Amino acid sequence: MASFPSLLESIDDLNFTQIDVLLSRAKHFKDNPQLSPFNTTPKPIIATSFLENSTRTKHSFAVAIRRLGGLYIDFNAETSSLKKGESLEETFLTLFYQGVNLCVFRSSVSHQLSQFKENLPIKLVNGGDGVNEHPTQALLDLYTLTELCPDLNGKTISIIGDNIHSRVAHSLMKLLPQFGMKIILSGPLEYLPDSATLPKGVELLTDRDETVKRSDFIYLLRIQKERHEGKTSNDNYLETNGVSLDRLKKLNKIIPVLHPGPANIGVELDQALIKSSLYKGYLQVENSIPMRMAIIEAMLLNNDQNIGKVNGEKF
Ligand code: NCD
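Check the secondary structure of the protein and you find 10 helices and 10 strands. At 20 Å, the protein has a C-alpha radius of gyration in line with the 20 Å of a compact globule built from 315 residues. Residues counted as buried form 54% of the 315 residues belonging to the protein. Summarising the internal contacts of the protein: among those between residues at least 6 apart in sequence, 73% fall at separations of at least 24.

Let us look at the pairing of strand β4 (residues 102-107). Counting buried positions along β4 gives six out of six residues, so the element sits mostly inside the fold. Because side chains alternate across β4, one face comprises the buried residues L102, V104 and R106, and the other comprises C103, F105 and S107, equally buried. Two elements, strand β2 (residues 45-50) and β4, share five bridges in a ladder whose sense is parallel. The partner of I46 across the bridge, within β4, is L102. Relative to strand β5 (residues 123-129), β4 is paired through five bridges, and the arrangement is parallel. By the bridge assignment, S107 is partnered in β5 with D129.

Before going further, it helps to spend a moment on the nonpolar core. Membership of the largest hydrophobic core comes to 57 residues, with the highest contact counts inside it found for L22, L139, L175, L176 and M291. For this core, the leading source of residues is helix α10 (residues 281-300), giving nine residues. Once residues lying within four places of it in the same chain are set aside, the contact partners of L175 are I11, I19, A138, L139 and L142. In terms of nonpolar packing, the next biggest core, distinct from the first, is built from 16 residues, A47, A77, L88 and L120 among them.

This next bit is on helix α5 (residues 167-175). In an α-helix, one turn spans 3.6 residues; hence positions three or four apart end up facing the same way. With respect to burial, α5 is a largely interior element, seven of its nine residues being buried. Within α5 the residues assigned to the buried category are R167, V168, A169, S171, L172, M173 and L175.

Attention now moves to the site of the ligand. Around the ligand lies a shell formed by T57, R106, H134, Q137, R167, V168, R222, Q224, R227, P260, G261 and P262. In the model, a nitrogen atom of the ligand is placed 2.8 Å from a nitrogen or oxygen of the G261 main chain. Starting from 310 Å² of accessible surface for the ligand in isolation, the protein chains cover 93%. For the shell around the ligand, the per-class residue count stands at three nonpolar, five polar and four charged. When residues are assigned to domains, the shell around the ligand turns out to be shared by domain 1 (7-134 + 287-314) and domain 2 (135-285), each giving three or more.

Applying the stated criterion across every chain, the model contains 13 salt bridges. As a salt-bridge pair, R247 and E239 come within 3.9 Å of each other at their nearest N and O atoms. Look at E239 and you get exposed, because its relative accessible area is 51%. One network of salt bridges, in which partners are shared, links R208, D209, E239 and R247.

Each assigned domain of the protein is listed here: domain 1 (7-134 + 287-314) and domain 2 (135-285). Between the C-alpha centres of domain 1 and domain 2 the distance comes to 27 Å. At the junction of the two partners, domain 1 supplies 34 residues and domain 2 supplies 28 residues. Looking at the side of domain 1 facing domain 2, the largest losses of area belong to I11, H134 and N287, adding up to 28% of the total buried there. Scanning the region where domain 1 abuts domain 2 turns up four salt bridges.

Cut-offs applied
- Residues numbered from 1 in each chain as written.
- Predicted model: local features only at pLDDT ≥ 70, side-chain atom pairs only at ≥ 80, totals over all residues.
- Heavy atoms only, no water.
- Helix = DSSP H or I, 4+ residues; strand = E, 2+ residues; numbered from the N terminus.
- Rg over C-alpha atoms; globule rule 2.2 N^0.38 Å.
- Buried < 20%, exposed > 50% of the residue type's maximum accessible area, 1.4 Å probe, protein only.
- Contact = heavy atoms within 4.5 Å.
- Pairing = 2+ DSSP bridges.
- Core = buried A, V, L, I, M, F, W, Y, C linked by side-chain atoms within 4.5 Å.
- Near = heavy atom within 4 Å.
- Polar contact = N/O pair within 3.5 Å; in protein donor to acceptor, adjacent residues only side chain to side chain.
- Areas by Shrake-Rupley, 256 points an atom, 1.4 Å probe, with all protein chains shown as cover.
- Nonpolar A, V, L, I, M, F, W, Y, C, P; charged D, E, K, R; others polar.
- Domains from an automatic or database assignment.
- Salt bridge = Lys/Arg side-chain N within 4 Å of Asp/Glu carboxyl O.
- Buried area = accessible area lost by both parts, 1.4 Å probe.

Take a look at the structure:
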């Protein structure tokens, strides 16, 4: 596992072999819940530092760290010296010299971790950065898809909703085509990217019913209002762009529906769908634990000696 990166900012930071290792290690952790590999002394210390709200990601990291046998710290940015004007680099170096081995960081600023590419103050995992990426969510979604269908090659997944503001969609677009999946980005035109910017294997479609008909899997997105510049309205969204259980039945598409959460019932989906067996949101939550265990384990085992340097030196 020596070659795993110490900074996981983007799906681009992993190669295919590394992703494959994470998938099988996640399966191993899911199949063997008694495993707790960090039984060394001293135990690794892993922190989360979330500058944005979170229910799933932060707590799933906390559970994954404890399941691994590591020590978990929630670094509270609100009450830290970040509020006294300390830089992110100084903050991370401080955590490093206190003995923290890895930090999972979330912020509303896109690409905030890119500044550390050359000189990493601490091992870092991107827990979601603005509208840029959310690589660990995409990896656990891929793991969930492989559980639902062992051969994803040639299968179509439609990501329906506010694609343009979704860091999850941006990571999925980089990840799923590597496994032969085709992606349809669907939703109202104002939520779709410019077609000229699309990677290979990704296409746009505005017609919701046509999208559903062509899908093997649906991936729903919330309207991410907090990332919108102007005002946007949800009026009638479920009818025109959302997905209900009735609509799936009418279109004769009894297919799995994924959602990264949080879901807004009555907007992008209805109560009947979220309570049905087609809805895989809870399976994604369950799978987030073994996948995040696999990610942390791989990054902690890489034996990188270049972390925490100040002016090229270690203190
Ligand atoms: C997403 C996020 O925060 O990017 N949720 C998550 O991490 N599970 C999606 C969202 O906020 O809509």
